[in-house]
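Inside the fold
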Amino acid sequence: MNFRAIMYMGFAVTTLSCATSVTLAILGYGAIGMAWASVVGVAVALITNVLIQGREMFVWPQFKEWRKLTQFGIFATGSSMLNAVAERAPELIVGRMIGIAGAGMYSRGNGIITLFQQALMSSVTSVAKSSLANSHREEKDLQRAFFQSVSQITAVAWPLLMLFGLLSQPLIVILFGRQWMEAIPIAQILCAAAGVGMLGSISFMLFTAVGAVRKMFR
């Protein structure tokens, strides 16, 4: 629950990795500069973890609780893989049945949703998931905490998704260029779909927080 430390670490990683990529690009290293920027980001993340956690970072691997880890990990990993397939399947299907141009339009329309999820929802859901897990460990009223999370997340996300849908034309023009204008109605439909699908993703967050990964997988 130390979100202040996470914020500092994220700021350090983002700042130094971006500075590295821009500097190397200016020096003429091209795409290889982006790869080195990723290396710098991982190194900074490790260093900041060591500075914040100290000796707790350095532990010897053990197999003492491997059964619990395996029982949780198999279903959690399986759920993540299914989620990844579900996210990528539309582009694969569109590309196969309609062609690369259709897949490109879908990808640009979906880029608005990706921006929304990465810029806002990833941080919001990580906080909510940790809070629910903490409530579960302390045997608090989990039902109340869950519905409070749903109300707070949707109160922020639904108006923003509506705004993204209404402003999809200027957003796509600014982010991707006028050659992607045909992606505007796709983005608007996907904004509506994201608003409905968010309720399911919040439920998955609850299952993970309480350890009900079998239910989440099913």
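**Side note on the overall build of the protein**
Per the secondary structure count, the protein includes eight helices and zero strands. In the protein, the order of α-helices and β-strands from amino to carboxyl end is α-α-α-α-α-α-α-α. Summarising its shape, the C-alpha atoms of the protein cover approximately 55 × 50 × 35 Å along the three principal directions. For the protein, with 218 residues in total, the buried portion stands at 28%. The contacts in the protein between residues at least 6 apart in sequence include a share of 70% that link residues at least 24 apart. A total accessible area of about 15100 Å² is found for the protein, and carbon and sulfur atoms account for 67% of it.

**Notes on a nonpolar patch on the surface**
Judged by side-chain polarity, Leu 27, Tyr 29, Ile 32, Trp 36 and Val 39 come together as a nonpolar surface patch covering roughly 550 Å² of accessible area. Since its relative accessible area comes to 47%, Tyr 29 is described here as partly exposed.

**Regarding the packing of aromatic side chains**
In this structure the tally under the stated criterion is two aromatic pairs. Measuring from centroid to centroid gives 5.5 Å for Phe 146 and Phe 147, while their planes differ by 55°, and the two rings are tilted. Residue classification places Phe 146 among the buried positions, given a relative accessible area of 14%. Seen from the ring of Phe 176, Arg 108 lies directly overhead, with NZ or CZ sitting 4.8 Å from the centre. Across the ring face of Trp 180, the terminal group of Arg 108 is positioned such that the distance to the ring centre comes to 5.4 Å.

**Digging into the confidence of the model for the protein**
Mean pLDDT over the protein stands at 86; residues scoring 70 or higher make up 100%. Here helix α4 (residues 100–137) stands out as the least confident element of the protein, with mean pLDDT 81; helix α2 (residues 32–53) is the most confident, with 91.

**With respect to α4**
For α4, with 38 residues, the first-to-last C-alpha span of 49 Å runs short of the 56 Å given by 1.5 Å per residue. Largest kink in α4: about 45°, centred on Met 121. Glu 139 lies just past α4 and shows a positive phi near 55°.

**Remarks on the environment of Ile 189**
Relative to the assigned elements, Ile 189 resides in helix α7 (residues 184–210). Sequence separation between Ile 189 and Ser 38 is 151 residues; the distance between their C-alpha atoms is 34 Å.

**Examining the pattern of salt bridges**
Overall, the coordinates contain two salt bridges when judged by the stated rule. The salt bridge partner of Glu 65 is Lys 68, with a shortest N-O separation of 3.9 Å. Judged by relative accessible area, which is 59%, Lys 68 ranks as exposed. Linking Glu 138 and Lys 140 is a salt bridge whose minimum nitrogen-to-oxygen distance equals 3.0 Å.

Scoring rules and cut-offs
- Residues numbered from 1 in each chain as written.
- Predicted model: local features only at pLDDT ≥ 70, side-chain atom pairs only at ≥ 80, totals over all residues.
- Heavy atoms only, no water.
- Helix = DSSP H or I, 4+ residues; strand = E, 2+ residues; numbered from the N terminus.
- Buried < 20%, exposed > 50% of the residue type's maximum accessible area, 1.4 Å probe, protein only.
- Contact = heavy atoms within 4.5 Å.
- Areas by Shrake-Rupley, 256 points an atom, 1.4 Å probe, with all protein chains shown as cover.
- Patch = residues over 30% accessible without salt bridge, like charges linked within 9 Å, V, L, I, M, F, W, Y side chains within 5 Å.
- Salt bridge = Lys/Arg side-chain N within 4 Å of Asp/Glu carboxyl O.
- Phe/Tyr/Trp six-rings, centres within 6.5 Å; stacked < 30°, edge-to-face > 60°.
- Lys NZ or Arg CZ within 6 Å of the ring centre and 35° of its normal.
- pLDDT = per-residue confidence, 0-100.
- Expected span 1.5 Å × (residues − 1).
- Bend = angle between axes of the 7 residues up to and from the residue.

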